[in-house]
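# An overview of the molecular structure
Letter by letter, the chains look like this.
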Amino acid sequence: MKRFRQAILSAVVILTGLTAKTQSFDIQVKAFQESYLNEASGDYSKAIENLRSIYQESSYEINLRLGYLSYLNGSFSESMAYYNKSINLMPYGIEARFGYVLPAAAMGNYSLVISQYEKILEITPNNSVAMHRLGLIYYGRKDYLTAEKYFEKVLNLYPFDYDALTMLAWSKFQLGKTREAKILFNKALLNTPSGSSASEGLDLLSVKETEE
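Residues numbered from 1 in each chain as written. Predicted model: local features only at pLDDT ≥ 70, side-chain atom pairs only at ≥ 80, totals over all residues. Heavy atoms only, no water.

## Side note on the pattern of salt bridges
Pairing between side chains becomes possible if they bear opposite charge and their charged atoms approach one another. Note the following rule: A pair is scored as a salt bridge if a Lys or Arg side-chain nitrogen falls within 4 Å of a carboxyl oxygen belonging to Asp or Glu. Only DSSP runs of H or I covering at least 4 residues are called helices, and only runs of E covering at least 2 are called strands; the numbering of each starts at the N terminus. Throughout this description, buried means an accessible area under 20% of the type-specific maximum (1.4 Å probe, protein chains only), exposed means over 50%, and partly exposed covers the range between.
Under the counting rule described, the total for this entry stands at 9 salt bridges. In this structure, Lys-172 and Glu-152 form a salt bridge, with 2.9 Å as the shortest nitrogen-oxygen distance. Of this pair, Lys-172 sits in helix α9 (residues 162-174) while Glu-152 sits in helix α8 (residues 144-157), and the two are 20 residues apart along the sequence. Residue Lys-172 is joined to Glu-180 by a salt bridge in which the shortest nitrogen-to-oxygen separation is 2.9 Å. Judged by its relative accessible area of 32%, Glu-180 is partly exposed. Put simply, Glu-148, Glu-152, Lys-172, Lys-177 and Glu-180 are held in one network by salt bridges that share partners.

## Focus: α9
Put simply, the test is: An expected span of 1.5 Å times one less than the residue number is assigned to each helix.
The end-to-end C-alpha distance of α9, which contains 13 residues, comes to 18 Å, matching closely the 18 Å that a straight helix rising 1.5 Å per residue would cover. The buried count for α9 comes to 11 of 13 residues, which makes it a mostly enclosed element. When α9 is considered as a whole, its buried residues turn out to be Tyr-162, Ala-164, Leu-165, Thr-166, Met-167, Leu-168, Ala-169, Trp-170, Ser-171, Lys-172 and Phe-173. Once α9 ends, the next one or two residues include Gly-176, with phi positive near 80 degrees.

## What about the environment of Asn-127?
So the rule is basically this: In this analysis, two residues are considered to be in contact whenever any of their non-hydrogen atoms come within 4.5 Å of each other. Whenever a nitrogen or oxygen atom comes within 3.5 Å of another N or O atom, the pair is scored as a polar contact, on the condition that within protein one atom can donate a hydrogen and the other can accept it, and that pairs from neighbouring residues in sequence are kept only if both atoms are in side chains.
Tracing the backbone through its elements, the reader meets Asn-127 in the loop between α6 (110-123) and α7 (128-140). Taking the C-alpha atoms as reference, Asn-127 lies 9.3 Å from Tyr-117; in sequence the two are 10 residues apart. With sequence-adjacent residues up to four places away left out, Asn-127 is seen in contact with Ile-94, Phe-98, Ile-120 and Leu-121. At 3.2 Å, the side chain of Asn-127 and the backbone nitrogen of Val-129 are in polar contact.

## Quick look at helix α10 (residues 178-191)
Put simply, the test is: Note: the arc covers the axis-to-C-beta directions of the helix.
Over its 14 residues, α10 runs 20 Å from end to end, which matches the ideal 20 Å to within 8%, given 1.5 Å per residue. Where α10 is concerned, the buried positions are Ala-181, Leu-184, Phe-185, Ala-188 and Leu-189. Take α10 and look down its axis: the buried residues cluster within an arc of 145 degrees, on one side only. The outward face of α10, more than 90 degrees from its buried face, is lined by the exposed residues Arg-179 and Leu-190. Looking at the buried side of α10, the elements it contacts are α8, α9 and α11 (196-211).

## Description of the side chain of Asn-50
The residue Asn-50 is located in helix α2 (residues 44-52) in this model. Residues within four places of Asn-50 in sequence aside, it is in contact with Ala-31, Glu-34, Ser-35 and Asn-38.

Set out below in structure tokens:
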């Protein structure tokens, strides 16, 4: 009889624990749902509060979401802090690192942006998005040799991609590699015949050839 009572008591404890976990999960789902609705209506502060009400420092998902919402709300330092927590919780994930660059770029801290893209490439060496964005950063800095390197890698993965073709062409153009630039601009037009960037590049090359 004593064993029977102990078994019943154990079952009750287990069921109570399961019920509590289910209720806790339901509360989390509701908080996430409300945060999505408030985000959609543009009320980012309220969306943040929805998740802060269930905040757990050990939750990758909550920190990731708060990082994005804080970015949308213009709280860039807070956003970076939340993204950092997500990165520390899942160091081999790349989505939090891609998220981190949003507030870092908004604050003009491109050394942190570059650092995250480089880390993404350590984790996923053929990540074309990270390579393309690094190429754009270095092109903007007029470091055309480094930009060329990244755009060539992207083009090797996607040989008929318009953006990769045009940006590599512009990098070649800036480096004085006009013959290669012309070939790439022409290929870009095969992809997008109305492509303004490729057309502009070819026009500039024509002017240059005429001057020579």
